[in-house]
Amino acid sequence: MIRIDKFLGNMGIGTRTEVQRMIRRGEVLVNGQAVRLPKEKIAEETDIVTVNGAPVAYRRHIYLMMNKPAGYVTATVDNLYPTVIELLDDPIVASKVMPAGRLDVDTEGFVFLTSDGALNHFVTGPKNHIRKTYYAEVEGVLGESDREAFESGIQLDDGYVTKPGKLEITKSAEISKCFVTISEGKFHQVKRMFLSLGKKVVYLKRIRMGNLDLDPRLEPGESRELTEDELALIKEER
Ligand code: URA
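Computed from a predicted model, the values in this text were never measured in an experiment.

Draft legend 1. Here's a closer look at the sheet that holds strand S3 (residues 33–34). The four strands lie next to each other as S3-S2-S5-S6, forming an open sheet whose pairing is antiparallel. Looking at strand neighbours, the two that pair on one side only are S3 and strand S6 (54–55), the edges of this open sheet. In the sheet, strand S5 (residues 49–51) pairs with S6 via two bridges, with the strands oriented antiparallel. Among the inter-strand pairings, Val51 is bridged to a residue of S6, identified as Ala54.

Below, the structure is given as C-alpha coordinates:
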(Lines give C-alpha, C1' and ligand atoms only; values in the text may rest on other atoms or scores of the structure.)
Protein backbone atom coordinates (compact mmCIF):
# COMPACT_ATOMS: atom_id res chain seq x y z
CA MET A 1 0.00 0.00 0.00
CA ILE A 2 1.16 3.50 -0.83
CA ARG A 3 -0.19 7.02 -0.33
CA ILE A 4 -2.08 8.21 -3.42
CA ASP A 5 -0.09 11.47 -3.67
CA LYS A 6 3.18 9.56 -3.50
CA PHE A 7 1.99 7.04 -6.09
CA LEU A 8 1.02 9.80 -8.54
CA GLY A 9 4.34 11.55 -7.94
CA ASN A 10 6.22 8.31 -8.54
CA MET A 11 4.36 7.75 -11.80
CA GLY A 12 5.49 11.16 -13.04
CA ILE A 13 2.06 12.82 -12.93
CA GLY A 14 3.40 15.94 -11.21
CA THR A 15 5.19 17.28 -8.18
CA ARG A 16 3.80 16.36 -4.78
CA THR A 17 2.12 19.80 -4.50
CA GLU A 18 0.61 19.54 -7.99
CA VAL A 19 -0.87 16.09 -7.42
CA GLN A 20 -2.24 17.14 -4.03
CA ARG A 21 -4.06 19.96 -5.79
CA MET A 22 -5.48 17.50 -8.37
CA ILE A 23 -6.68 15.25 -5.54
CA ARG A 24 -8.36 18.14 -3.71
CA ARG A 25 -10.09 19.22 -6.95
CA GLY A 26 -11.56 15.72 -7.26
CA GLU A 27 -9.66 14.93 -10.46
CA VAL A 28 -8.28 11.65 -9.12
CA LEU A 29 -10.45 8.53 -8.99
CA VAL A 30 -9.52 5.19 -7.45
CA ASN A 31 -11.69 2.35 -8.70
CA GLY A 32 -14.20 4.92 -9.91
CA GLN A 33 -14.44 6.83 -6.61
CA ALA A 34 -12.98 10.30 -6.10
CA VAL A 35 -10.28 10.44 -3.45
CA ARG A 36 -10.15 13.66 -1.46
CA LEU A 37 -7.20 13.17 0.85
CA PRO A 38 -3.61 12.95 -0.40
CA LYS A 39 -2.75 10.64 2.48
CA GLU A 40 -5.29 7.99 1.46
CA LYS A 41 -3.62 4.68 0.66
CA ILE A 42 -4.06 2.51 -2.42
CA ALA A 43 -2.87 -0.90 -3.58
CA GLU A 44 -0.65 0.30 -6.40
CA GLU A 45 -0.54 -2.98 -8.31
CA THR A 46 -4.28 -3.67 -8.38
CA ASP A 47 -6.27 -0.45 -7.84
CA ILE A 48 -7.34 1.42 -10.96
CA VAL A 49 -6.33 5.04 -10.78
CA THR A 50 -7.41 7.76 -13.21
CA VAL A 51 -6.54 11.46 -13.40
CA ASN A 52 -9.09 13.54 -15.29
CA GLY A 53 -10.36 10.30 -16.81
CA ALA A 54 -6.96 9.08 -18.03
CA PRO A 55 -5.72 5.84 -16.49
CA VAL A 56 -2.39 5.95 -14.66
CA ALA A 57 -0.47 2.77 -15.39
CA TYR A 58 1.47 1.25 -12.53
CA ARG A 59 5.22 1.14 -13.16
CA ARG A 60 7.44 -1.19 -11.27
CA HIS A 61 10.57 0.81 -11.90
CA ILE A 62 11.69 4.29 -10.94
CA TYR A 63 13.01 6.75 -13.55
CA LEU A 64 14.47 10.04 -12.37
CA MET A 65 16.04 13.11 -13.90
CA MET A 66 18.43 14.98 -11.61
CA ASN A 67 20.16 18.31 -11.95
CA LYS A 68 23.51 17.33 -10.45
CA PRO A 69 25.42 20.05 -8.62
CA ALA A 70 29.22 20.25 -8.73
CA GLY A 71 30.92 18.45 -5.87
CA TYR A 72 28.89 15.22 -6.09
CA VAL A 73 29.99 11.94 -7.67
CA THR A 74 27.75 9.95 -10.02
CA ALA A 75 28.04 6.73 -8.03
CA THR A 76 26.22 4.92 -5.26
CA VAL A 77 29.16 4.95 -2.81
CA ASP A 78 32.36 6.95 -2.61
CA ASN A 79 34.85 7.57 0.15
CA LEU A 80 35.90 11.05 -0.94
CA TYR A 81 32.80 12.91 -2.10
CA PRO A 82 29.06 12.84 -1.41
CA THR A 83 27.12 10.89 -4.05
CA VAL A 84 24.10 11.84 -6.17
CA ILE A 85 22.17 9.16 -4.27
CA GLU A 86 22.59 11.18 -1.07
CA LEU A 87 20.68 14.02 -2.75
CA LEU A 88 17.50 11.92 -2.97
CA ASP A 89 15.17 12.64 -0.08
CA ASP A 90 13.13 9.42 -0.28
CA PRO A 91 15.18 6.60 1.32
CA ILE A 92 13.26 3.89 -0.52
CA VAL A 93 13.87 5.51 -3.91
CA ALA A 94 17.51 6.08 -2.94
CA SER A 95 17.94 2.40 -2.14
CA LYS A 96 16.58 1.31 -5.52
CA VAL A 97 18.07 3.56 -8.20
CA MET A 98 21.49 3.76 -9.82
CA PRO A 99 22.87 6.53 -11.97
CA ALA A 100 23.14 5.63 -15.68
CA GLY A 101 26.60 6.72 -16.76
CA ARG A 102 28.89 9.23 -15.13
CA LEU A 103 29.49 12.92 -14.94
CA ASP A 104 32.76 14.22 -13.49
CA VAL A 105 32.60 15.52 -9.94
CA ASP A 106 32.87 19.13 -11.16
CA THR A 107 30.36 18.66 -14.02
CA GLU A 108 26.77 19.74 -13.45
CA GLY A 109 23.47 18.86 -15.01
CA PHE A 110 21.39 15.98 -16.30
CA VAL A 111 21.86 12.64 -14.56
CA PHE A 112 19.40 9.85 -15.34
CA LEU A 113 18.80 7.47 -12.44
CA THR A 114 16.77 4.29 -12.60
CA SER A 115 16.01 1.03 -10.84
CA ASP A 116 15.65 -0.59 -14.28
CA GLY A 117 18.98 -2.36 -14.83
CA ALA A 118 18.27 -3.23 -18.47
CA LEU A 119 17.47 0.37 -19.34
CA ASN A 120 20.53 1.61 -17.43
CA HIS A 121 22.61 -0.75 -19.54
CA PHE A 122 20.93 0.44 -22.74
CA VAL A 123 21.45 4.13 -22.01
CA THR A 124 25.13 3.66 -21.16
CA GLY A 125 25.88 1.05 -23.83
CA PRO A 126 28.34 2.55 -26.35
CA LYS A 127 26.67 0.71 -29.23
CA ASN A 128 23.35 2.45 -28.65
CA HIS A 129 24.75 5.92 -29.39
CA ILE A 130 22.50 7.84 -27.03
CA ARG A 131 23.43 11.45 -27.71
CA LYS A 132 24.39 13.70 -24.82
CA THR A 133 24.51 17.47 -25.16
CA TYR A 134 26.63 19.69 -22.94
CA TYR A 135 26.88 23.41 -22.41
CA ALA A 136 30.57 24.26 -22.07
CA GLU A 137 32.66 27.31 -21.30
CA VAL A 138 36.17 27.04 -22.67
CA GLU A 139 39.32 29.11 -22.29
CA GLY A 140 40.34 30.56 -25.64
CA VAL A 141 38.78 31.59 -28.91
CA LEU A 142 36.69 28.96 -30.74
CA GLY A 143 36.30 28.98 -34.50
CA GLU A 144 35.39 27.12 -37.66
CA SER A 145 38.44 24.84 -37.44
CA ASP A 146 37.29 23.65 -33.99
CA ARG A 147 33.78 23.01 -35.32
CA GLU A 148 35.23 21.00 -38.20
CA ALA A 149 37.48 19.05 -35.83
CA PHE A 150 34.46 17.97 -33.78
CA GLU A 151 32.64 17.06 -36.98
CA SER A 152 35.42 14.75 -38.17
CA GLY A 153 36.36 13.20 -34.81
CA ILE A 154 39.22 14.21 -32.52
CA GLN A 155 42.28 12.22 -31.50
CA LEU A 156 42.54 12.11 -27.71
CA ASP A 157 45.71 11.99 -25.60
CA ASP A 158 45.67 8.17 -25.57
CA GLY A 159 45.46 7.95 -29.38
CA TYR A 160 41.75 7.10 -29.54
CA VAL A 161 39.89 8.96 -32.28
CA THR A 162 36.39 9.95 -31.19
CA LYS A 163 33.28 9.48 -33.26
CA PRO A 164 32.06 12.65 -34.96
CA GLY A 165 30.50 15.17 -32.59
CA LYS A 166 28.80 18.51 -32.97
CA LEU A 167 30.15 21.84 -31.77
CA GLU A 168 27.83 24.83 -31.79
CA ILE A 169 29.66 28.02 -30.82
CA THR A 170 27.49 30.69 -29.22
CA LYS A 171 30.27 33.06 -28.13
CA SER A 172 33.91 33.19 -29.17
CA ALA A 173 36.08 35.22 -26.80
CA GLU A 174 38.67 34.83 -24.05
CA ILE A 175 36.15 32.52 -22.42
CA SER A 176 34.08 30.97 -25.23
CA LYS A 177 30.63 29.46 -24.87
CA CYS A 178 29.29 26.51 -26.83
CA PHE A 179 27.13 23.40 -26.99
CA VAL A 180 28.75 20.03 -27.61
CA THR A 181 26.89 16.86 -28.63
CA ILE A 182 28.60 13.48 -28.50
CA SER A 183 27.28 9.93 -28.62
CA GLU A 184 30.04 8.22 -26.64
CA GLY A 185 31.10 8.52 -23.03
CA LYS A 186 34.84 8.07 -22.76
CA PHE A 187 36.47 9.17 -19.51
CA HIS A 188 36.51 13.03 -19.39
CA GLN A 189 35.61 12.96 -23.08
CA VAL A 190 34.48 16.55 -23.65
CA LYS A 191 37.36 18.00 -21.64
CA ARG A 192 39.87 15.81 -23.49
CA MET A 193 38.41 16.69 -26.91
CA PHE A 194 38.97 20.38 -26.16
CA LEU A 195 42.41 19.67 -24.68
CA SER A 196 43.41 18.08 -27.98
CA LEU A 197 42.46 21.40 -29.60
CA GLY A 198 44.58 23.27 -27.04
CA LYS A 199 41.63 24.53 -25.01
CA LYS A 200 40.63 24.09 -21.39
CA VAL A 201 37.03 23.49 -20.29
CA VAL A 202 36.29 25.71 -17.29
CA TYR A 203 32.58 24.89 -16.92
CA LEU A 204 30.58 21.90 -18.08
CA LYS A 205 26.90 21.07 -17.72
CA ARG A 206 24.94 18.27 -19.38
CA ILE A 207 21.68 19.69 -20.67
CA ARG A 208 20.17 16.91 -22.81
CA MET A 209 20.13 13.11 -23.16
CA GLY A 210 18.74 11.71 -26.40
CA ASN A 211 15.97 14.18 -27.23
CA LEU A 212 15.11 14.98 -23.63
CA ASP A 213 16.12 18.36 -22.17
CA LEU A 214 17.02 18.80 -18.52
CA ASP A 215 13.99 20.42 -16.89
CA PRO A 216 15.08 24.04 -16.31
CA ARG A 217 12.84 24.20 -13.23
CA LEU A 218 15.06 21.72 -11.40
CA GLU A 219 17.43 23.55 -9.07
CA PRO A 220 20.89 22.00 -8.59
CA GLY A 221 20.44 18.93 -6.37
CA GLU A 222 16.77 18.47 -7.26
CA SER A 223 15.31 15.55 -9.15
CA ARG A 224 11.93 14.40 -10.39
CA GLU A 225 10.25 11.37 -11.93
CA LEU A 226 10.03 11.10 -15.72
CA THR A 227 6.80 10.54 -17.60
CA GLU A 228 6.49 7.71 -20.15
CA ASP A 229 6.84 10.24 -22.99
CA GLU A 230 10.00 11.72 -21.51
CA LEU A 231 11.47 8.28 -21.03
CA ALA A 232 10.88 7.52 -24.70
CA LEU A 233 12.68 10.75 -25.65
CA ILE A 234 15.88 9.67 -23.85
CA LYS A 235 15.98 6.53 -25.98
CA GLU A 236 15.19 8.30 -29.24
CA GLU A 237 18.05 8.23 -31.71
CA ARG A 238 17.35 11.46 -33.54
N1 URA B 1 32.84 14.89 -20.63
C2 URA B 1 33.63 15.30 -19.63
O3 URA B 1 34.77 15.67 -19.84
N4 URA B 1 33.15 15.28 -18.39
C5 URA B 1 31.89 14.92 -18.08
O6 URA B 1 31.51 14.96 -16.92
C7 URA B 1 31.07 14.50 -19.13
C8 URA B 1 31.55 14.49 -20.39
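Draft legend 2. Spatial organisation of the environment of Val111. Mapped onto the secondary structure, Val111 falls in strand S9 (residues 108–114). Placed 53 residues apart in sequence, Val111 and Pro164 show a C-alpha to C-alpha distance of 23 Å. Excluding anything up to four places from it in sequence, Val111 contacts Leu64, Met65, Met66, Lys68, Thr74, Pro99, Leu103 and Arg206.

Draft legend 3. Up close: helix H5 (residues 144–152). For H5, every residue scored as buried is listed here: Asp146, Ala149 and Phe150. For H5, the arc enclosing every buried residue in end-on projection is 95°, short of the 170-degree limit, so these residues lie on one face. Facing away from the buried surface of H5 by more than 90 degrees, the exposed residues are Ser145 and Ser152. On its buried face, H5 sits against strand S11 (166–171), strand S12 (175–182) and helix H6 (189–196).

Draft legend 4. Looking closely at the pattern of salt bridges. A complete count under the given rule lists 18 salt bridges for this structure. The salt bridge involving Arg3 is made with Asp5; its shortest N-O contact spans 2.9 Å. A network of salt bridges, in which partner residues are shared, links Asp215, Arg217, Arg224 and Glu230.

Draft legend 5. How the structure looks around the nonpolar core. Leu88, Val97, Leu113, Cys178, Val180 and Phe194 are the most contacted members of the largest nonpolar core, which totals 29 residues. Those elements that place two or more of their residues in this core are strand S7 (63–68), helix H3 (91–96), S9, strand S10 (132–139), H5, S12, H6 and strand S13 (200–209). Among residues more than four places away in sequence, those in contact with Val180 are Lys132, Thr133, Tyr134, Phe150, Lys166, Leu167, Val190 and Phe194. Judged by nonpolar contacts, the second largest core, of 15 residues, contains Phe7, Val28, Val35 and Val51.

Draft legend 6. Broad picture of the layout of surface pockets. Roughly 740 Å³ of internal volume is contained in the largest pocket. Considering the residues around the largest pocket, the lining is formed by 25 residues, among which Gly14, Thr15, Ser223, Arg224 and Glu225 are closest to the centre. Elements with a minimum of two residues in the lining of the largest pocket: helix H1 (4–10), helix H2 (16–24) and strand S15 (223–225). By volume, the second largest pocket is sized at about 610 Å³. If you go around the second largest pocket, you meet 31 residues; those closest to its centre are Arg102, Tyr134, Gly185, Lys186 and Phe187. If you list the elements that add at least two residues to the lining of the second largest pocket, you get helix H4 (117–124), S10, H6 and S13. Broken down by class, the residue content of the lining of the second largest pocket amounts to 14 nonpolar, nine polar and eight charged.

Definitions and cut-offs
- Residues numbered from 1 in each chain as written.
- Predicted model: local features only at pLDDT ≥ 70, side-chain atom pairs only at ≥ 80, totals over all residues.
- Heavy atoms only, no water.
- Pairing = 2+ DSSP bridges.
- Helix = DSSP H or I, 4+ residues; strand = E, 2+ residues; numbered from the N terminus.
- Contact = heavy atoms within 4.5 Å.
- Buried < 20%, exposed > 50% of the residue type's maximum accessible area, 1.4 Å probe, protein only.
- Arc of directions from axis to C-beta.
- Salt bridge = Lys/Arg side-chain N within 4 Å of Asp/Glu carboxyl O.
- Core = buried A, V, L, I, M, F, W, Y, C linked by side-chain atoms within 4.5 Å.
- 1 Å grid on protein atoms, 1.4 Å probe; cavity = no way out; pocket = protein on both sides within 12 Å on 5 of 7 lines; lining within 4 Å.
- Points joined across faces, edges and corners; volume = space filled by probe spheres on them.
- Nonpolar A, V, L, I, M, F, W, Y, C, P; charged D, E, K, R; others polar.

So, to be careful, I would describe these as geometric facts and stop short of saying anything about function.
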